[in-house]
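Residue-level listing of the chains:
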Amino acid sequence: MWCRRLACLLKVPCQRSGSPARRSPWLLSDRRTLLAAAARRHHTAPESLKCAWQLHGDHLELRYGNTLMRFDFVWLRDHCRSASCYNAKTNQRSLDTASVDLGIKPKAVRVDETTLFLTWPDGHVTRYGLEWLVKNSYEGQKQQVMHPRILWNAEIYRQAQVPSVDCQSFLQTDEGLKEFLQNFLLYGIAFVENVAPTKEDTEILAERISLIRETIYGRMWYFTSDFSRGDTAYTKLALDRHTDTTYFQEPCGIQVFHCLKHEGTGGRTLLVDGFYAAEQVLRQAPDQFELLSKVPLKHEYVENVGDCHNHMIGVGPVLNVYPWNNELYLIRYNNYDRAVINTVPYDVVHRWYAAHRTLTTELRRPENELWVKLKPGKALFVDNWRVLHGREAFTGYRQLCGCYLTRDDVLNTARLLGLQA
């Protein structure tokens, strides 16, 4: 049954990210009906406000500016911001949602120039600013992005001339920290220069923006080619582009790299904007983009080396999108750690392989590859939910240190500095 439902689901056409919602004839007709009915019943605000409303059996329809919104009556009661329903000091709901009658309807509705007023059967009055409703409605959210970004290939990134931030400015000033975080949010990578080449100084750097996420690899790690862990990364071999910890239920959000020493040749770091590549797939083959965002896969890490014994499994699609606006927020791409595909019906598998090949082709285009030589003193922060990394083979002794950061804390720091994150 699950397989048939999945196969059926995967045949639904994909709506492109950032494109206008497809408008059905019903919607266009309904808008005309709404305005005509509103005019007849005088349920209108002054003409200059372009605001009209109409009550239906289970919801309120409100047109304000260019946005037509529909609000369930329970939703309107549940989100009341009055003092008895919402604690403005803690920004937490006080109302017991389970106490709201699922058949509730407002007894009276009124709109002035800026505010919607709803009077409920028990006499309670709820007030909503019209701008707040536009911002927080489903229809309003579909027109917004959660995280503004600049998608890039190698040439776009070089032409942008994104500056590195000096270590002292990063550590000691809000301006330096904000500049760094803005670069990171927009491009998914950011650099800090003039860092003392030690693990301890790298740790201080990381803690400036986030808690360090301790994993099976420890808190702060040294990284050499001693094969001390059961992972290809602990060799001198080249590594193809990938995201890390795909075998975690929630892959690590940010990764920090700092090369402390390299006595040899090669070893350049490869960076690829996975979201840029996915956008090309969306434009060329939206059905394949949707397939990659719907099919659940397992990624697995099995390790039995020395005292390290681990068996990790993470499940999720290659592309993860917000369902209300199709905005991509996470790419889980690692051909090394992808487990046996046993979560997909046979009649979908071949189409998935074709879609995966299309994405891989985009990820491997030379023009999408940004090569960086990491040197002591230059720390790199990578958005592991967006940017794939790899490396070329190297010779000699090469030592890196780094860590993973908790994504929530990085975004929290950015928001406290006034950035959209």
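The structure displayed is predicted, hence computed values, not measured ones.

Novice: Before we go on, may I ask you to explain the nonpolar core in this structure?
Specialist: Side chains of a nonpolar character, in soluble globular proteins, are inclined to be buried together. Counting 28 residues, the largest nonpolar core has Phe180, Leu181, Ile209, Phe381 and Leu405 as its most contacted members. Within the residue set of this core, elements represented by two or more residues are helix H7 (167-172), helix H8 (174-187), strand S10 (189-193), helix H9 (199-207), strand S14 (254-263), strand S21 (379-383), strand S23 (397-405) and helix H13 (407-416). By residue number, the principal contributor to this core is H8, which donates five residues. Those residues within four positions of Phe180 in sequence are excluded, and the remaining contacts are Val165, Phe170, Ala190, Phe191, Val192, Ile209 and Phe381. Membership of the second largest hydrophobic core comes to 26 residues, among which are Tyr333, Val344, Trp352 and Leu363.

Novice: So what exactly am I meant to see when it comes to H8 here?
Specialist: Each full turn of the α-helix corresponds to 3.6 residues, which orients residues three or four apart in the same direction. Spanning 14 residues, H8 covers 20 Å between terminal C-alpha atoms, matching the ideal 20 Å at 1.5 Å per step. Taken together, the buried positions of H8 are Gly176, Leu177, Phe180, Leu181, Asn183, Phe184, Leu185 and Tyr187. Of the residues flanking the end of H8, it is Gly188, one or two places downstream, whose phi is positive at about 85 degrees.

Novice: Would you explain the sheet that holds strand S3 (residues 67-72) in this entry?
Specialist: Neighbouring strands of a sheet are bound in pairs by backbone hydrogen bonds; such pairs are parallel or else antiparallel. Spatial strand order, S1-S2-S3: three strands in an open sheet with antiparallel pairing. Strands at the two margins of the open sheet, each flanked by one partner only, are strand S1 (51-55) and S3. Each neighbouring strand pair of the sheet contributes to a mean axis angle of 15 degrees, computed without reference to strand direction. In terms of strand pairing, strand S2 (residues 59-64) meets S3 through six bridges, oriented antiparallel. Bridge pairing in S3 places His59 opposite Asp72.

Novice: Which parts of the structure should I look at to understand the pattern of salt bridges?
Specialist: Side chains that differ in sign of charge can pair as their charged atoms come close. Summed over all chains, the structure comprises 15 salt bridges. Of the charged contacts in the structure, one is a salt bridge between Arg70 and Glu61, with a shortest N-O distance of 3.0 Å. Between Arg407 and Asp383 there is a salt bridge, and its shortest N-O distance comes to 2.8 Å. With Arg407 in helix H13 and Asp383 in strand S21, the pair connects residues that are 24 residues apart, well separated along the chain.

Novice: Would you mind showing me how to read the packing of helix H10 (residues 274-284) against helix H12 (residues 346-363) here?
Specialist: Axis angle and axis distance: for two packed helices, these are the angle between their axes and the distance between the axes, and together they describe the pair. Closest axis-to-axis distance for the H10/H12 pair is 9 Å, and the angle between their directions is 130 degrees. Here H10 is positioned oblique relative to H12, judged by the angle of their axes. Note on packing geometry: the crossing formed by H10 with H12 is right-handed. Residues Gly274, Ala277, Ala278, Gln280, Val281 and Gln284 of H10 pack against Thr358, Leu359, Glu362 and Leu363 of H12. For the contact of H10 with H12, the per-class residue count stands at five nonpolar, four polar and one charged.

Novice: How should I be thinking about H9 in this particular structure?
Specialist: Buried residues of H9: Thr202, Leu205 and Ala206, and no others. Projection of H9 onto a plane perpendicular to its axis shows the buried side chains occupying an angular sector of 95 degrees, all on one side. Summarising the contacts, the buried residues of H9 are in contact with H7, S10, strand S11 (212-213), S14, S21 and S23.

Novice: Before we go on, may I ask you to explain the environment of Asn325 in this structure?
Specialist: With respect to the element layout, Asn325 can be found in the loop between strand S18 (319-321) and strand S19 (328-331). On a C-alpha basis, the gap between Asn325 and Gln144 in space is 7.8 Å, while along the polypeptide they are 181 residues apart. Reaching out from Asn325, the side chain makes a polar contact with the backbone oxygen of Gln144 at a distance of 2.9 Å. Of note is the side chain of Asn325, whose polar atom sits 3.0 Å from the backbone nitrogen of Glu327.

Novice: Help me out: how do you make sense of the environment of Thr115 in this one?
Specialist: Looking at the secondary structure, you find Thr115 in strand S7 (residues 115-119). Measuring from C-alpha to C-alpha, the distance between Thr115 and Arg127 comes to 6.6 Å, with 12 residues separating the pair along the chain. Beyond its immediate sequence surroundings of up to four residues, Thr115 is in contact with Arg110, Arg127, Tyr128, Gly129 and Leu130. A polar atom in the side chain of Thr115 sits 3.1 Å from the side chain of Thr114.

Novice: Just checking my understanding: could you explain the packing of aromatic side chains for this structure?
Specialist: For any pair of aromatic rings, the description consists of the separation of the ring centres together with the inter-plane angle of the planes. Under the counting rule described, the total for this entry stands at 19 aromatic pairs. Geometrically, the ring pair formed by Tyr157 and Tyr187 is edge-to-face, given 5.6 Å between the ring centres and 85 degrees between the ring planes. Pair noted here: Tyr157 is in helix H6 (residues 154-160) and Tyr187 is in helix H8, with a separation of 30 residues, a long-range link. Neither residue differs from the other here; Tyr157 and Tyr187 are each classed as buried. Seen from their ring centres, Phe180 and Phe381 are 4.8 Å apart, and the 75 degrees between their planes marks the pair as edge-to-face. Taken as a pair, Phe180 in helix H8 and Phe381 in strand S21 lie far apart in primary sequence, 201 residues in all. Residue classification places Phe381 among the buried residues on the basis of a relative accessible area of 1%. Aromatic ring contacts, followed pair by pair, group Phe71, Trp75, Tyr128 and Trp132 into a single cluster. For the cation-ring pair, Arg81 lies above Tyr86, with the distance from its terminal atom to the ring centre recorded as 4.0 Å. Geometry around Phe191 places Lys378 over its ring, the cationic atom sitting 4.7 Å from the centre.

Novice: What am I meant to see in the confidence of the model for the protein chain here?
Specialist: When pLDDT is low, close inspection of the predicted coordinates is not appropriate. Averaged over every residue, the pLDDT of the protein chain is 88; residues scoring 70 or more account for 86%. The low-confidence segment residues 1-48, where pLDDT is below 50, has 70 contacts with residues more than four positions distant or belonging to other chains.

Reading the values: rules and limits
- Residues numbered from 1 in each chain as written.
- Predicted model: local features only at pLDDT ≥ 70, side-chain atom pairs only at ≥ 80, totals over all residues.
- Heavy atoms only, no water.
- Core = buried A, V, L, I, M, F, W, Y, C linked by side-chain atoms within 4.5 Å.
- Buried < 20%, exposed > 50% of the residue type's maximum accessible area, 1.4 Å probe, protein only.
- Helix = DSSP H or I, 4+ residues; strand = E, 2+ residues; numbered from the N terminus.
- Contact = heavy atoms within 4.5 Å.
- Expected span 1.5 Å × (residues − 1).
- Pairing = 2+ DSSP bridges.
- Axes fitted to C-alpha atoms, helices over the stretch in contact; angles between N-to-C directions.
- Salt bridge = Lys/Arg side-chain N within 4 Å of Asp/Glu carboxyl O.
- Parallel < 35°, antiparallel > 145°, perpendicular 65-115°, else oblique.
- Left-handed = near helix turned anticlockwise from the far one by under 90°.
- Nonpolar A, V, L, I, M, F, W, Y, C, P; charged D, E, K, R; others polar.
- Arc of directions from axis to C-beta.
- Polar contact = N/O pair within 3.5 Å; in protein donor to acceptor, adjacent residues only side chain to side chain.
- Phe/Tyr/Trp six-rings, centres within 6.5 Å; stacked < 30°, edge-to-face > 60°.
- Lys NZ or Arg CZ within 6 Å of the ring centre and 35° of its normal.
- pLDDT = per-residue confidence, 0-100.

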